[in-house]
Amino acid sequence: MTEHDFDSQIRSLISLYGWMGYRTWISIHSPKGFVDWFCVRGDRLVALELKGDKGKLTDDQVICLELLRLTRKIETYALWPEDSDLAVSILRADTHDEIEEA
């Protein structure tokens, strides 16, 4: 599955589970490595970095995810298409504690 196809799946899940999601349309003027999606619902803020089947995280993406995670207020995830069940669990849950690891 391509990152584009996976992104479409995630976009649908964001809508289905009632999140407000933000994705930069064209990233050429955005900080290098910034996450693909910021999603907010209730008191949860989730940052998602998506990859296609053969995609790899860049060093800048790893740094961005770690910096966001260190805030302790943002849940951060790097997801590949094989993580689709985990993505559903993340976006369906009302709290981080409800997430079922796939």
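The structure this text deals with has already been given above.
Here is what the cut-offs are and how they apply
Residues numbered from 1 in each chain as written. Predicted model: local features only at pLDDT ≥ 70, side-chain atom pairs only at ≥ 80, totals over all residues. Heavy atoms only, no water. Helix = DSSP H or I, 4+ residues; strand = E, 2+ residues; numbered from the N terminus. Expected span 1.5 Å × (residues − 1). Buried < 20%, exposed > 50% of the residue type's maximum accessible area, 1.4 Å probe, protein only. Arc of directions from axis to C-beta. Contact = heavy atoms within 4.5 Å. Phe/Tyr/Trp six-rings, centres within 6.5 Å; stacked < 30°, edge-to-face > 60°. Pairing = 2+ DSSP bridges. Axes fitted to C-alpha atoms, helices over the stretch in contact; angles between N-to-C directions. Core = buried A, V, L, I, M, F, W, Y, C linked by side-chain atoms within 4.5 Å.

Caption draft 1: The arrangement of helix 1 (residues 3-16) in detail. Under the 1.5 Å per step criterion, the end-to-end length of helix 1 is 20 Å for 14 residues, consistent within 8% with the ideal 20 Å. Where helix 1 is concerned, the buried positions are F6, D7, I10, L13 and I14. Viewed end-on, helix 1 has its buried residues packed into an arc of 120 degrees, placing them on one side of the element. Along helix 1, exposed side chains directed more than 90 degrees from the buried face belong to H4, S15 and L16. Looking at the packing, one finds that the buried side of helix 1 touches strand 1 (20-22), strand 2 (37-41), strand 3 (44-50), strand 4 (75-79) and helix 3 (84-92). Phi for G18, located one or two positions after helix 1, is positive at around 75 degrees.

Caption draft 2: Structural context of the packing of aromatic side chains. Counted under the stated rule, the structure contains 1 aromatic pair. Between F34 and F38, the ring centres sit 5.6 Å apart and the planes meet at 50 degrees, which makes this aromatic pair tilted.

Caption draft 3: Local environment of the sheet that holds strand 1. In spatial order, the strands read 1-2-3-4; together these 4 strands make up an open sheet with mixed pairing. With partners counted over all chains shown, the strands left at the sheet margins are strand 1 and strand 4, one partner each. Looking at each pair of strands side by side, their axes are set apart by 20 degrees on average, direction ignored. Sheet topology places strand 3 next to strand 4; 5 bridges connect them, and they run parallel. Residue pairing across strands places A47 opposite T76, the latter belonging to strand 4. Across the sheet, helix 2 (residues 59-70) is in contact with strand 2, strand 3 and strand 4; its angle to strand 4 comes to roughly 155 degrees. In the packing of helix 3 onto the sheet, contacts are made with strand 2, strand 3 and strand 4, and the angle to strand 4 comes to roughly 160 degrees.

Caption draft 4: How the structure looks around the nonpolar core. One finds I10, L48, L79 and I90 to be the most contacted residues of the largest nonpolar core, which totals 18 residues. Mapped onto this core, the elements with two or more residues apiece are helix 1, strand 2, strand 3, strand 4 and helix 3. Apart from the residues within four sequence positions on either side, I10 is in contact with W37, L48, L50, A87 and L91. Listed in part, the 7 residues of the second largest apolar core include V35, C64, L65 and I74.

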